[in-house]
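# Fold and geometry: a report
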Amino acid sequence: MADENTQVPAPALKAATAFVAAHGKPARAVVEHLGRAGARVVLVGADGALGDVLVADPATGAALVERVEGLEKSDWDRETVAAAKIGAGHRRRMAARFRG
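Figured I'd write up the structure that's included with this text.

What counts, and where the lines are drawn
Residues numbered from 1 in each chain as written. Predicted model: local features only at pLDDT ≥ 70, side-chain atom pairs only at ≥ 80, totals over all residues. Heavy atoms only, no water. Salt bridge = Lys/Arg side-chain N within 4 Å of Asp/Glu carboxyl O. Helix = DSSP H or I, 4+ residues; strand = E, 2+ residues; numbered from the N terminus. Buried < 20%, exposed > 50% of the residue type's maximum accessible area, 1.4 Å probe, protein only. Core = buried A, V, L, I, M, F, W, Y, C linked by side-chain atoms within 4.5 Å. Contact = heavy atoms within 4.5 Å.

### Quick notes on the pattern of salt bridges
- Inspection of every chain in the model, using the stated rule, returns three salt bridges.
- Two residues, Glu69 and Lys25, come together in a salt bridge whose shortest N-O distance is 3.4 Å. Of the two residues, Glu69 sits in the loop between helix H2 (58-67) and strand E4 (71-73) while Lys25 sits in the loop between helix H1 (10-23) and strand E1 (27-33), which places them 44 residues apart along the sequence. The two residues Glu69 and Lys25 agree in class, both being exposed.
- The partner of Glu32 in a salt bridge is Arg40, and the shortest N-O contact between them spans 3.6 Å.
- Judged by its relative accessible area of 23%, Glu32 is partly exposed.
- The exposure class assigned to Arg40 is partly exposed, which follows from its relative accessible area of 31%.
- Beyond isolated ion pairs, a larger network of salt bridges with shared partners links Glu32, Arg40 and Asp52.

### So, the nonpolar core
- Within the largest apolar cluster, 18 residues are counted, with the highest numbers of intra-cluster contacts made by Val41, Leu43, Val55, Leu64 and Leu71.
- Contributing elements (two or more residues each) for this core: H1, E1, strand E2 (39-44), strand E3 (50-55) and H2.
- No other element matches the four residues that H1 contributes to this core.
- Each residue touching Val55, except ones within four places of it in the same chain, is listed here: Ala12, Ala37, Gly38, Ala39, Val41, Thr60, Gly61 and Leu64.

Structure (structure tokens):
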């Protein structure tokens, strides 16, 4: 549980709220610690769409999840992985990083 006094940047709150509105409720959120870079909140919409929001730290990520209606904290469990629908375009972009 995040500290209720944790400040969530308005752009992050706006982006997560817009994602839920566009991709349905309930949406799932996985907060991933990135070290000094902060934290990444990976969003999985009810329709399987993927999105993400970068924040300062995991506590801010947890606070973001608590403040967005229709967003549920999750882990990379079987249900969350199965809910994510990765399209061909996304796979090509990910693969492009490793092509020579």
